[in-house]
Amino acid sequence: MKEKLWGGRFTQPTDKFVEEFTASIAFDQRMYRYDIQGSIAHCRMLAKQKIITSAEADTIVAGLEGILVDIEAGNFTFEVALEDIHMNIEARLIERIGAVGGKLHTARSRNDQVALDVRLYLRDEVKTILGYLDALQESLLAQAECNLDVIMPGYTHLQTAQPILFAHHMLAYYEMMQRDAGRMRDLLARFNVLPLGAGALAGTTFPIDREFVAQQLGFDGVTRNSLDSVSDRDFALEFCAASSILMMHLSRLSEELILWSSADFAFIDLSDAFCTGSSIMPQKKNPDVPELVRGKTGRVYGNLMSLLTLMKSLPLAYNKDMQEDKEPLFDTIDTVKGSLKVFADMIAQMKVRADNMRIAAARGFSTATDVADYCVRKGLPFRQAHEVVGKTVRYCIEHGKEIDQLSIDEFQQFSPLITDDIYDCVTLEASVNARKATGGTARVAVEREIARARSERKNRK
C-alpha cells in the first residue's frame, strides 16, 4: 500500500473502501497537464525567492517534465491510494528525484493547488468552446448566405404568423450564439486570477511572489483573499450557468430541426451522416443528433443544480464536499463541446427544401397583417383595420380561399378603402421586403446583418 504523504499524525491505515470512496483520481487525472504546469511555475517562484536553490528547482522541473512525458506516452499508472492527481504526481516526483521532490509543496496546499488546476483547465476548455461556437456560427451564417431568397412561414404559438426569410431565421440563432460567446468571454475574464498562494486557507509564512506566478501562468492578477481563494467555485457555477443557456439555445434549434425534417413539414433534409434508421421500420430516418442534444440539455441543467446545491451551505473555507465539483463541471464541458462540434457539421450539411417552405408560407393567411397595415396607410385606425382583416380571414376560411385569392369585390365587402393595389401588398415577397428596418426580415435588412456579422468576424480574427 502506498504511504500517505499526509500520514504523519495517523496511527492506522485508511480503510480500503474509504480510500476508494474518497479518491478523485478516476476523474481529476484529466488535469495532469495543468497540475504539472502550475507546479513548474510554483517551483520557479520558490527558486526566485530563494526558498529553494536554483539547482533544486532545476531538478524538480526536469522531474516534472519527465512525468509529463510518461503520462502522455501512457507509461504512468495512477494510484487510487494516492487519492488525486496532485498526490499521484508528487509521489512519482519523489520516486524519480528523491527527497528534494518533497520541497515542491513548500508554501502551498492541495486546497489552493486544486483551485489553480481547475482554473487553468477550464480556461483552456472555454477557449476551445469559443472555437466550436465560432464554427457553428459560421455554419449558420453560410446557410443564411446560401438561402437569401428562401421564404418560410414564421410562427408564434407554432401557428403560421408572417412570412420571413429562412436566412433571417438562421441569423436569429447566430445572435443567440453571439450572446453565448459573450458570456463565455465575460466569465473567462472574471476567473482568470491566480488562487495559488492562499495555502490551506490563511496564506503562507514564506516570502512568495504570487504576481510572478500569475505572470508565468498567464493570469491577469491574483485573488485578494485567501479564504475566498480556496473556497470559491463561482467560476464553475458561472460556466455551468452560461453552458445551460447555450444548451437551451441548441435545444430550441434541435426542436425546430426535428419538426422541419419530419414528413409533415419537410422543410429540410439532414445528412444521413447525422441520422439513424429504425430496427423494424425500414422507411425511417430519425434525427437522432438533434434529439440527443435536446436530451443532453437537461443533463447540463442538472449539473448546474448539483453545483449550486453543493455550494449553498458550505462554511469557509475548503470542505471535502468540494471534491464533488469536478464531475458536474467536467461533464458539462464534455457535453457542450460535443454538442457544438456535431451541430456545426450538421448545420453545414443541411439541405433546405425551399419549395416546401414557400408552399407552407403561402398558407395560413400569413399576409393578413400586411392587409391591416395597408388599411392603416389608407387612413383606417389600426384597431378598425384589425377587425376588417379578421372578418376577411373568417370569410376566407368559410369559402376555402387564401387572402391573395380574393377578388376586389370580395375585399371591398369589408372596406371600401381597399383597391386594386392591395395585390401589391399580399405577395410573400412584398410582405417580407416591406420590413426593412434594422432587425427586420426584408432581404435588404438581412443582407445588412450578414455583412455586419462578416465584418465583425473578420475584425475578431
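Read on for a plain summary of the structure. Here the structure is a predicted model, which is why all the values come from computation and not from measurement.

### Some words on the overall build of the chain
Here is step 1: Helix and strand counts for the chain come out as 18 helices and six strands.
Here is step 2: Against the globule reference of 23 Å for 461 residues, the chain gives a C-alpha radius of gyration of 30 Å, more extended than a compact globule.
Here is step 3: Based on the C-alpha atoms only, the size of the chain along its principal axes is roughly 100 × 50 × 40 Å.
Here is step 4: For the chain, buried positions account for 50% of its 461 residues.
Here is step 5: In the form shown here, the chain has an accessible surface area of approximately 21,800 Å², with 52% of it arising from carbon and sulfur atoms.
Here is step 6: Distance between charge centroids for the chain: 2 Å, based on 55 positive and 64 negative side chains.

### Structural notes on the pairing of strand 1 (residues 151-156)
Here is step 1: One ladder, built from six bridges, connects strand 1 with strand 2 (residues 159-165); its direction is antiparallel. Counterpart to Pro153 in the pairing with strand 2 is Pro163.
Here is step 2: What sits between the antiparallel neighbours strand 1 and strand 2 is a turn of two residues, in which His157 has the positive phi angle 55°.

### Section: unusual backbone geometry
Here is step 1: The amide bond that connects Leu316 to the next residue, Ala317, takes the cis arrangement and shows omega of 5°.
Here is step 2: Here Ala317 lies in the loop between helix 11 (288-311) and helix 12 (326-349).
Here is step 3: Although it is not a glycine, Leu158 adopts a positive phi angle of roughly 60°.
Here is step 4: Considering the arrangement of structural elements, one finds Leu158 in the loop between strand 1 and strand 2.
Here is step 5: Of note, Ala266 is a non-glycine position whose phi angle comes to about 55°, a positive value.
Here is step 6: For Ala266, the position within the fold is in the loop between helix 10 (234-260) and strand 5 (268-269).

### Quick word on the packing of aromatic side chains
Here is step 1: Using the criterion set out here, one finds nine aromatic pairs in the structure.
Here is step 2: Arranged with centres 5.3 Å apart and planes meeting at 85°, the rings of Phe265 and Phe267 form a pair that is edge-to-face.
Here is step 3: When the centroid spacing of 5.6 Å and the interplanar angle of 70° are considered together, the rings of Tyr395 and Phe414 count as edge-to-face. With Tyr395 in helix 15 (residues 382-399) and Phe414 in the loop between helix 16 (408-412) and helix 17 (428-433), the pair connects residues that are 19 residues apart, well separated along the chain.
Here is step 4: Among the aromatic residues, ring-to-ring pairing joins Tyr34, Tyr121 and Phe330 into one connected group.
Here is step 5: Lying across the ring of Phe76, Arg92 places its NZ or CZ 4.2 Å from the centre.

### Some points on the packing of helix 14 (residues 368-377) against helix 15
Here is step 1: In contact at an axis separation of 9 Å, helix 14 and helix 15 are set at 135° when each is read in the N-to-C sense. By the criterion of interaxial angle, the relationship of helix 14 to helix 15 is oblique. When you trace helix 14 past helix 15, the crossing you get is right-handed. In this structure, helix 14 uses Ala368, Val371, Ala372, Asp373, Cys375 and Val376 to contact helix 15, whose residues at the interface are Phe382, Ala385, Val389 and Val393.
Here is step 2: Taken together, the residues of the contact of helix 14 with helix 15 break down into nine nonpolar, no polar and one charged.

### Points about the pattern of salt bridges
Here is step 1: In the structure shown here, the tally under the stated rule is 34 salt bridges.
Here is step 2: Put simply, Glu255 and Arg294 hold a salt bridge, and the shortest N to O gap is 2.4 Å. With Glu255 in helix 10 and Arg294 in helix 11, the pair connects residues that are 39 residues apart, well separated along the chain.
Here is step 3: Residue Glu255 is classed as partly exposed on the basis of its relative accessible area of 32%.
Here is step 4: Of the residues examined, Arg294 reaches a relative accessible area of 33% and is grouped as partly exposed.
Here is step 5: Of the charged contacts in the structure, one is a salt bridge between Glu447 and Arg443, with a shortest N-O distance of 2.2 Å. Highlighted residues: Glu447 and Arg443, both in helix 18 (residues 443-460), separated by four residues, approximately one helical turn.
Here is step 6: A residue is classified by how much of its surface remains accessible, and Glu447, at 33% relative accessible area, is partly exposed.

### Quick notes on the state of the cysteines
Here is step 1: Applying the stated criterion across every chain, the model contains zero disulfides.
Here is step 2: Free cysteine: Cys425, not disulfide-bonded; nearest cysteine sulfur from Cys375 at 9.5 Å.
Here is step 3: In this structure Cys425 comes out as buried when scored by relative accessible area, which is 18%.

### Topic: the side chain of Asp28
Here is step 1: Along the chain, the position of Asp28 falls in helix 2 (residues 25-28).
Here is step 2: The side chain of Asp28 sits in the buried core without any salt bridge; Lys326 is the nearest counter-charge, 5.6 Å away.

Parameters at a glance
Residues numbered from 1 in each chain as written. Predicted model: local features only at pLDDT ≥ 70, side-chain atom pairs only at ≥ 80, totals over all residues. Heavy atoms only, no water. Helix = DSSP H or I, 4+ residues; strand = E, 2+ residues; numbered from the N terminus. Rg over C-alpha atoms; globule rule 2.2 N^0.38 Å. Buried < 20%, exposed > 50% of the residue type's maximum accessible area, 1.4 Å probe, protein only. Areas by Shrake-Rupley, 256 points an atom, 1.4 Å probe, with all protein chains shown as cover. Lys, Arg positive; Asp, Glu negative; His and termini not counted. Charge placed at Lys NZ, Arg CZ, Asp CG, Glu CD. Pairing = 2+ DSSP bridges. Phe/Tyr/Trp six-rings, centres within 6.5 Å; stacked < 30°, edge-to-face > 60°. Lys NZ or Arg CZ within 6 Å of the ring centre and 35° of its normal. Axes fitted to C-alpha atoms, helices over the stretch in contact; angles between N-to-C directions. Parallel < 35°, antiparallel > 145°, perpendicular 65-115°, else oblique. Left-handed = near helix turned anticlockwise from the far one by under 90°. Contact = heavy atoms within 4.5 Å. Nonpolar A, V, L, I, M, F, W, Y, C, P; charged D, E, K, R; others polar. Salt bridge = Lys/Arg side-chain N within 4 Å of Asp/Glu carboxyl O. Disulfide = S-S within 2.5 Å.

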